[in-house]
Amino acid sequence: MRDPHSPHREHADGRDGFEKRPGRERGGRGPRVFAPGDLKLLLLALIAEQPCHGYDLIRQIEGMFDGAYSPSPGVIYPTLTFLEESDLIAGDAEGGKKRYRVTDTGRLSLSEQAVALDGVRMRIEVSKRSLRGHDRPPEIHEAVHNLRHALQMHHGRWSAAEILRVRDLLNDTAKAIVDGPAVQPAPEKAE
């Protein structure tokens, strides 16, 4: 019987713990884009710049990520409700759609969180660069997952020689990827 707390996975089909995964991170949902609280602060800042509808906010955020990420209405609207219930924004019904504007309390909150907002915008830039890599083929995602899994399975048994060996393997692999495929010599013609 295997130890349920063991980090090693055993598979009935004899696999070594490496597994196929969907082509996206985090169980098929895509990578986490916002840290806790980031979306609330970003929405508050966008509404302070210009009153708008929830749909407009979705499009603005999608534009910030060059189309690589678009928040779902299921994320945006509950956050807007939270901001409204916190008296940071107010929603006015306009043609059946709510148009949100910042309140005085919201402006004060923004001024108190200016440094945090700069951090959110910086993290968006980092996330945007990261998301560009998420159009990789599923086979590459699987290989990256397998690499992470192999490193986690190592369990801190890092001798000086092992550190150098793994470092060299990873650096050599990264260089080979950057360098691209080797140029293949043209086949010789048979005479």
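Residues numbered from 1 in each chain as written. Predicted model: local features only at pLDDT ≥ 70, side-chain atom pairs only at ≥ 80, totals over all residues. Heavy atoms only, no water.

Asker: Outline the overall build of the chain, supporting the account with residue identities and numerical values.
Answerer: Check the secondary structure of the chain and you find 8 helices and 2 strands. Secondary structure elements of the chain, listed N to C terminal, follow the sequence α-α-α-α-β-β-α-α-α-α. Counting every position in the chain, which comprises 191 residues, the buried fraction comes to 28%. Sequence separation of at least 24 residues holds for 55% of the intrachain contacts in the chain that already meet a minimum separation of 6. For the chain, the computed accessible surface area is about 13,100 Å², with 56% contributed by carbon and sulfur atoms. (Helix = DSSP H or I, 4+ residues; strand = E, 2+ residues; numbered from the N terminus. Buried < 20%, exposed > 50% of the residue type's maximum accessible area, 1.4 Å probe, protein only. Contact = heavy atoms within 4.5 Å. Areas by Shrake-Rupley, 256 points an atom, 1.4 Å probe, with all protein chains shown as cover.)

Asker: Give me the packing of aromatic side chains: which residues, what numbers.
Answerer: One pass over the full model with this rule turns up 3 aromatic pairs. A centroid spacing of 6.0 Å and a plane angle of 90 degrees characterise the contact between Phe34 and Phe65, whose relative ring orientation is edge-to-face. Of the two residues, Phe34 is situated in the loop between helix 1 (25–28) and helix 2 (38–49) and Phe65 in the loop between helix 3 (54–64) and helix 4 (73–85); the sequence distance between them amounts to 31 residues. Take Phe34: its relative accessible area is 11%, and that puts it in the buried class. Taking the centre distance of 5.2 Å and the plane angle of 70 degrees together, the rings of Phe65 and Tyr69 count as edge-to-face. Like Phe65, the residue Tyr69 is buried in the burial classification. One aromatic cluster in this structure is built from Phe34, Phe65 and Tyr69. Above the ring of Phe82, the side-chain terminus of Lys40 is found at 4.6 Å from the ring centroid. (Phe/Tyr/Trp six-rings, centres within 6.5 Å; stacked < 30°, edge-to-face > 60°. Lys NZ or Arg CZ within 6 Å of the ring centre and 35° of its normal.)

Asker: So what's going on with helix 4? Which residues, and what values?
Answerer: Here helix 4 contains 13 residues, and its C-alpha end-to-end distance of 18 Å stays within 8% of the 18 Å for a straight helix at 1.5 Å per residue. Taken residue by residue, helix 4 has Ile76, Thr79, Leu80, Leu83 and Glu84 as its buried positions. The buried side chains of helix 4 occupy one side of the element, clustering within an arc of 140 degrees when seen end-on. Exposed residues lying more than 90 degrees from the buried face of helix 4 are Gly74 and Glu85. The secondary structure elements touched by the buried residues of helix 4 are helix 2, helix 3, strand 1 (89–94) and strand 2 (97–102). Looking one or two residues beyond helix 4, the residue adopting positive phi is Asp87, at roughly 60 degrees. (Expected span 1.5 Å × (residues − 1). Arc of directions from axis to C-beta.)

Asker: Just give me the short version of helix 5 (residues 104–112), but keep the residues and values in it.
Answerer: Residues three or four positions apart in an α-helix share a direction because the helix packs 3.6 residues into each turn. All of the buried residues along helix 5 are Gly106, Ser109 and Leu110. Relative to the axis of helix 5, the buried residues are bounded by an arc of 100 degrees and lie together on one face. Exposed residues pointing more than 90 degrees away from the buried face of helix 5 are listed as Asp104, Ser111 and Glu112.

Asker: I'd like to hear about the pairing of strand 1, residue by residue, with values.
Answerer: Bridging between strand 1 and strand 2 involves 6 bridges; their strand directions are antiparallel. Note that in strand 2 the partner of Ala90 across the bridge is Arg101. Where strand 1 folds back onto strand 2 in an antiparallel hairpin, the turn is made up of 2 residues, including Gly95, whose phi is positive at roughly 60 degrees. (Pairing = 2+ DSSP bridges.)

Asker: If you had to explain the environment of Arg59 to someone new, which residues and values would you point to?
Answerer: Note that Arg59 resides in helix 3. Along the sequence, Arg59 and Ser70 sit 11 residues apart, while their C-alpha atoms lie 7.4 Å from each other. At 2.4 Å, the side chain of Arg59 forms a polar contact with the side chain of Glu62. (Polar contact = N/O pair within 3.5 Å; in protein donor to acceptor, adjacent residues only side chain to side chain.)

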